[in-house]
Amino acid sequence: MITQDVSALDLQQVLQPIEHATGLPNQAYVSEAFLAHERESVFASSWTGLWFASDLPKPGYVKPIDFMGLPLVILRDKQDRIRVFHNVCSHRGMILVHEEMEVQGALRCKYHSWSYSLDGELKGTPHLGGIGQHRAPGFEHCEHGLKPVRSTVWMDVIFINLSGDAPDFDEYIQPLNEKWQGYLGDTGLERMRSAVNGKGMQIEVRSNWKLAVENYCESYHLPWIHPGLNTYSRLEDHYHIMYGDNFGGQGSLAYRLFDQAGSPLPRFPEWPEDKLEQAEYVSFYPNVLLGIQADHTFTMIIEPVACNRSREHLRLYYVGDDAVGDEHAASRNAILESWRVVFSEDIDAVEGMQRGRLSPGYGGGVFSPAMDNPTHHFHQWVARKLAAA
Ligand code: FES
Ligand SMILES: [Fe+2]
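Since this is a predicted model, take the numbers as computed values, not measurements.

A word on the overall build of the protein chain
- Tallying secondary structure elements over the protein chain gives 9 helices and 18 strands in all.
- Radius of gyration (C-alpha) of the protein chain: 23 Å, near the 21 Å computed for a compact globule of 389 residues.
- Taking the principal axes of the C-alpha coordinates as reference, the protein chain spans close to 75 × 55 × 35 Å.
- A burial count over the protein chain gives 40% of its 389 residues as buried.

Set out below in structure tokens:
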């Protein structure tokens, strides 16, 4: 028994070759107990997308974030590093940071005013040893700092590894990095800029987080769900992506650069001229969806809110400082609007699959051995995580 919801036998069936495999059973999508189990077995042991580093633009910016019920706080410290801590005071367990803010000095708990540096060190403990005595014999401040969460930043995403024992991020990201080097080159990542207008959006979806990932992995639905997109980037222009164990999705050979709605946007200088119409859409398992085109990228972090509810946080990025100036505002807005249409078209499909998982007439379904390979790749990744837990 893996949980009361999903058995070892269910997982074995997912782990079969695609021709014989079934998908994850309904209970993996409709049970709150299973979602709680996934937080530990799937999310905690992985590199999970939490938030965007560019939302903390200066040292001293602090933001509380609830992740699947865990109170966390992200901040930019005085050395300009992004840090993640458990958002709880070491004294009596009060939530430490209640709202997004810019901190001048220390983080101060509002209950008994214990204070912490942005490095998480416990600094101030008023009247700890009695009135006017801010120290106490035997009390070591260094033992009571904030509890850090292992974290790193890549493509503006703050990734966390809650268990602390995932492979090094550099090792984890290597298969994707290697592939995308061919488009972004050595300088692509550092050229990415988040724009104020045309920056992104938030989408509420009444579905389990996995269905959003599964839908993103496939291009099979394109002609029927995205008729507009399909007029130029057709089903037959797409190819499957399965880079190593942790990344799956699809690429297009016929993405049309958005240069008709305003001034052409700057492109990644190392993007090959003969691949300007190529684009890749990759799910970084478990919960980050990435898209790269020659003139912009986007990132979506999927926040699991409940077993049947997710929140998608989208950000768009452009190439270099000029790309985020006023001159290109119309082009950026056109790009954002295009993606708004595409992502909105997906909502209905994803929510319909969620409702379908309440049916006893469905038991995980089957995969097309030619069209659903990345979706199966993701199911296998989840099944391996569950089996290992
Ligand atoms: S709980 Fe934070 S200072 Fe007491
Ligand atoms: Fe879609």
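Describing the domain arrangement of the protein chain
- On domain assignment, one finds that the protein chain holds domain 1 (49–152) and domain 2 (167–388).
- In this structure, domain 1 and domain 2 have C-alpha centres spaced 34 Å apart.
- Each partner contributes to the interface: domain 1 provides 6 residues, whereas domain 2 provides 7 residues.
- Considering every element that reaches the side of domain 1 that touches domain 2, the biggest residue donor is strand β1 (residues 48–52), with 3 residues.
- Partitioned by chemical class, the residues of the side of domain 1 that touches domain 2 number 3 nonpolar, 3 polar and no charged.

As for the sheet that holds strand β6 (residues 107–108)
- In spatial order, the strands read β6-β7-β8; together these 3 strands make up an open sheet with antiparallel pairing. Across the chains shown, the open sheet's two edge strands, defined by having one partner strand only, are β6 and β8 (122–124).
- Pairing between strand β7 (residues 115–116) and β8: 2 bridges, direction antiparallel. Counterpart to Tyr116 in the pairing with β8 is Leu122.

Focus on the pairing of strand β15 (residues 279–284)
- The element β15 is largely enclosed, with a buried count of 6 among its 6 residues.
- Residues Ala279, Tyr281 and Ser283 point to one face of β15 and Glu280, Val282 and Phe284 to the other, with burial holding for every one of them.
- Pairing of strand β14 (residues 247–252) with β15 involves 6 bridges; the strand directions are antiparallel. When the sheet's bridge partners are listed, Phe247 is paired in β15 with Phe284.
- Relative to strand β16 (residues 288–292), β15 is paired through 5 bridges, and the arrangement is antiparallel. Bridge assignment links Ser283 to a residue of β16, and that residue is Leu289.

Details of the pairing of strand β10 (residues 157–161)
- Extensive coverage of β10 is indicated by the burial of 5 of its 5 residues.
- Of the two faces of β10, both are covered, the one formed by Val157, Phe159 and Asn161 as well as the one formed by Ile158 and Ile160.
- Both β1 and β10 contribute to a ladder of 4 bridges, which runs antiparallel. When the bridges of β10 are listed, Thr48 appears paired with Ile160.
- By the bridge criterion, 5 bridges tie strand β9 (residues 150–154) to β10 in an arrangement that is antiparallel. Bridged to Trp154 within β10 is Val157.
- Adjacent in sequence and paired antiparallel, β9 and β10 are bridged by 2 residues, among which Met155 carries a positive phi angle near 50°.

With respect to the environment of Glu327
- With respect to the helices and strands, Glu327 occurs in the loop between β18 (309–319) and α8 (329–356).
- We classify Glu327 as exposed; it has 12 C-beta atoms within 10 Å.
- For the pair Glu327 and His112, spaced 215 residues apart in the sequence, the C-alpha separation amounts to 51 Å.

Topic: helix α4 (residues 169–184)
- In a regular helix each residue adds 1.5 Å, so 16 residues correspond to 22 Å; α4 covers only 19 Å between its end C-alpha atoms and thus falls short of that length.
- Considering bend angle alone, the principal kink of α4 is centred on Pro175 and spans about 50°.
- For α4, the complete set of buried residues consists of Tyr172, Ile173, Leu176, Trp180 and Leu184.
- Downstream of α4 by a residue or two, Gly185 has a phi angle that is positive, lying close to 65°.

Topic: unusual backbone geometry
- Each neighbour pair has its own omega, and for Tyr285 with Pro286 the value is 5°, a cis peptide bond.
- Along the chain, Pro286 falls in the loop between β15 and β16.
- Positive phi is not limited to glycine here, since Met155 has a value of about 50°.
- Considering the arrangement of structural elements, one finds Met155 in the loop between β9 and β10.

Quick notes on the sheet that holds strand β5 (residues 101–102)
- Taking strand neighbours across the sheet as the criterion, the 4 strands line up as β4-β3-β2-β5 in an open arrangement whose pairing is antiparallel. The outermost strands of the open sheet, each flanked by one partner alone, are β4 (82–86) and β5.
- Relative to β5, strand β2 (residues 61–67) runs antiparallel, the two sharing 2 bridges. For Val62, the partnering residue across the bridge sits in β5 and is Met101.

Focus: the nonpolar core
- In this structure, Val73, Ile74, Val84, Val157, Ile158 and Ala212 are the most contacted members of the largest nonpolar core, which totals 93 residues.
- It is helix α6 (residues 209–217) that provides the largest number of residues to this core, a total of 6 residues.
- For this core, the domains that each give at least three residues are domain 1 (49–152) and domain 2 (167–388).
- If we ignore the near neighbours within four places in the chain, the residues touching Val157 are Gly49, Phe52, Val288, Thr299 and Ile301.

Quick notes on the packing of α6 against α8
- Running from N to C, α6 and α8 cross one another at 130°; their axes reach a closest spacing of 10 Å. Judged on the interaxial angle alone, α8 and α6 are oblique. Note that α6 runs across α8; the crossing there is right-handed. Contact residues: α6 offers Leu211, Ala212 and Asn215, while α8 offers Asp346, Ala349, Val350, Met353 and Gln354.
- Residues belonging to the contact of α6 with α8 are distributed by class as follows: 5 nonpolar, 2 polar and 1 charged.

Calculation notes
Along every chain, residues carry numbers that run from 1 in the direction the sequence is written. For this description, chains carry letters from A and ligands carry numbers from 1, given in the order in which they are written. Local features are withheld for residues below a pLDDT of 70 in this predicted model, meaning they are given only at 70 or higher, and side-chain atom pairs are given and counted only at 80 or more; totals for whole chains, interfaces and linings count all residues. A run of H or I in DSSP counts as a helix once it spans at least four residues, and a run of E counts as a strand once it spans at least two, with each numbered from the N terminus. Only C-alpha atoms enter the radius of gyration; for comparison, a globular chain is expected to reach 2.2 Å times N to the power 0.38, where N is the number of residues. Three classes are used. A residue is buried when 20 or more other C-beta atoms lie within 10 Å of its own, exposed when 12 or fewer do, and partly exposed in between, with C-beta atoms placed from the backbone. Reported domain spans reflect what an automatic or database domain assignment gives. Here the contact rule is simple: place C-beta atoms from the backbone, and any two residues whose C-beta atoms are within 7 Å are in contact. Throughout this entry, Asp, Glu, Lys and Arg are counted as charged residues, while Ala, Val, Leu, Ile, Met, Phe, Trp, Tyr, Cys and Pro are counted as nonpolar. The remaining residues, Gly among them, count as polar. Only when DSSP finds a minimum of two bridges between them are two strands counted as paired. Here the expected length of a helix is defined as 1.5 Å per residue gap, with one fewer gap than residues. Working definition for bend: take the seven residues up to and ending at a residue and the seven starting at it, fit an axis to each, and measure the angle between the axes. A set of buried residues qualifies as a nonpolar core if it consists of Ala, Val, Leu, Ile, Met, Phe, Trp, Tyr and Cys joined through C-beta atoms within 7 Å. Between N-to-C directions, angles span 0 to 180 degrees; the directions come from axes that are lines fitted to C-alpha atoms, helices contributing only their stretch in contact. Roughly parallel covers angles under 35 degrees, roughly antiparallel covers those over 145, roughly perpendicular covers 65 to 115, and oblique covers all other angles. The hand of a helix crossing depends on one turn: near helix anticlockwise from the far one by less than a right angle means left-handed, and clockwise means right-handed.

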